[in-house]
Amino acid sequence: MLVELQAQHELDVWPGDDPIPRQELLTRIAGADALICVLTDRIDDDLLDAGSRLKIVANIAVGYDNIDLPAVRRHGIIATNTPDVLTDSTADLTWALILGVTRRAAEGDRLIRAGGWKGWTFDFMLGTELRGKQLGIIGAGRIGRAVAAKASAFGMNVVFARRDGTPARGPDDRTIDEILISSDVVSLHVPGSPANRHLIDRKALARMKRSAFLVNTARGSVVDEDALVWALNERLIAGAALDVFANEPSVHQGLLKFENVFLVPHLGSATRETRTAMAALAVRNVLAVLGGEAPVTPIL
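Treat the numbers as computed from the prediction; the structure is a model and nothing was measured. (Residues numbered from 1 in each chain as written. Predicted model: local features only at pLDDT ≥ 70, side-chain atom pairs only at ≥ 80, totals over all residues. Heavy atoms only, no water.)

1. What to know about the side chain of Ser187
Heads up, the rule is: For the purposes of this entry, the term helix denotes a DSSP run of H or I that reaches at least four residues, the term strand denotes a run of E that reaches at least two, and both are numbered from the N terminus. As used in this structure description, the phrase polar contact means that two N or O atoms lie within 3.5 Å; if the pair is within protein, one of them must be able to donate a hydrogen and the other to accept it, and residues adjacent in sequence are counted only when both atoms belong to side chains. The contact definition used throughout considers only heavy atoms, calling two residues in contact when any of these lie within 4.5 Å.
Tracing the backbone through its elements, the reader meets Ser187 in strand β7 (residues 185-188). Of note is the side chain of Ser187, whose polar atom sits 2.7 Å from the side chain of His189. Residues in contact with Ser187, not counting those within four places in the same chain, are Thr94, Leu135, Gly136, Ile137, Ile138 and Val215.

2. Things to note about the pattern of salt bridges
Opposite charge on two side chains makes pairing possible when the charged atoms of those side chains draw close. Rule in force here: The rule for a salt bridge is simple: a side-chain nitrogen of Lys or Arg has to be within 4 Å of a carboxyl oxygen of Asp or Glu. To sort residues, take the accessible area from a 1.4 Å probe on protein chains only and compare it with the maximum for the residue type: under 20% means buried, over 50% means exposed, and anything in between is partly exposed.
Evaluation of the coordinates by the stated rule reveals 15 salt bridges. We note a salt bridge from Arg22 to Asp44, for which the minimum N-O separation is 2.6 Å. On the criterion of sequence distance, the pair formed by Arg22 in helix α2 (residues 22-28) and Asp44 in the loop between β1 (34-37) and α3 (45-50) is long-range, its members being 22 residues apart. A salt bridge links Lys150 to Asp92; the shortest N-O distance between them is 3.1 Å. Residue Lys150 is found in the loop between α7 (142-149) and β5 (157-162), and its partner Asp92 is found in helix α5 (residues 87-102); the two are separated by 58 residues along the sequence. According to the relative accessible area criterion, Lys150 is partly exposed, its value standing at 28%.

3. Considerations on unusual backbone geometry
In this structure, the amide linkage connecting Glu248 to the following residue, Pro249, adopts the cis form with an omega of 5 degrees. By the secondary structure assignment, Pro249 is in the loop between β9 (239-242) and β10 (261-263). You will see that Asp84, though not glycine, has its phi angle at about 75 degrees, which is positive. Along the polypeptide, Asp84 turns up in the loop between β3 (78-80) and α5. Its identity is not glycine, yet Arg104 carries a phi of approximately 60 degrees, on the positive side. Along the chain, Arg104 falls in the loop between α5 and α6 (105-113). Assessed through its relative accessible area of 27%, Arg104 is described here as partly exposed.

4. A closer look at the sheet that holds strand β2 (residues 56-59)
Rules: At least two bridges found by DSSP between two strands is the condition for calling them paired. Angles shown run from 0 to 180 degrees and are taken between the N-to-C directions of axes, each axis being a line fitted to C-alpha atoms and, for helices, limited to the stretch in contact.
Taken together, three strands build an open sheet; the order of strands is β1-β2-β3 and the sheet is parallel. In this open sheet, the two edge strands, each paired with only one partner strand, are β1 and β3. Put simply, the sheet's adjacent strands are angled 10 degrees from each other on average, direction ignored. In this sheet, β2 lies alongside β1 in parallel orientation, the contact comprising four bridges. Bridge assignment links Ile36 to a residue of β2, and that residue is Ala58.

5. Quick look at the nonpolar core
The test is simple: For the purposes of this section, nonpolar cores are sets of buried Ala, Val, Leu, Ile, Met, Phe, Trp, Tyr and Cys residues that join through side-chain atoms within 4.5 Å.
Grouped together as the largest cluster of nonpolar side chains are 36 residues, with contacts concentrated most on Trp95 and Leu135. Other than its neighbours up to four places away in sequence, Trp95 contacts Leu130, Leu135, Val147, Lys150, Ala151, Phe154 and Met156. If you look at the next biggest cluster of nonpolar residues, it comprises 32 residues, including Ala161, Ala204, Leu232 and Ile237.

So, in structure tokens, the structure goes:
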């Protein structure tokens, strides 16, 4: 990927494993024609002013809540993302979370490592079966549909949420409230847009079944984490599995005390195959735009 870019353009590659510091990015963007960025890089007026020659910002992510789209429009810059290539890996991770939290896998791992397992007993660490249960998906895009496609392997019935006031697209469509009150697992796959901030709040959590599990592989801002801690304390839901958090890499301290909460560090697209494909797609977008062609996967 970088070889192909380097053959045609001069590259400035951040060598660190950690995200590039903000001031370093602002300094190094001056004079650049393109930026390949990740979700930890904030793309706003300050950055676009510093990168006054930019023609394209290629985001290595399907979500783009790190990009100020009005600012990009004002500067007349093309923005792209990497849809499709991470759909299956994120759907797979969603099922890992569903299985992990319902069958108490992470809890069992911690118990063994702490030397707490005393041997098999008939009613030890009983989990929840999925067969015959309902999976409610909030966010019926590529990833949500890919998660649904795997549900039959576990004997689950799937329903999809629609916004209040919008018409049903089929017999498996429900309002969000109907999803919350009837589903055994609620899985979130909506964008991290301002409209979806704290979509799952105290009111939403109180509507869920006490035997239900919440799964989030979308964006941390979709869940009000204070409300989730409250719901778990009050035993209003059976548990939660989270791949994303509101203030990454910080995790709400209240979530850490619950054995029925399964936490992983934003691993949705984290396979070698998928991350390679995401980077390759970002490179293709840059090469297209700098070559005077239309971007492959434009946001704007």
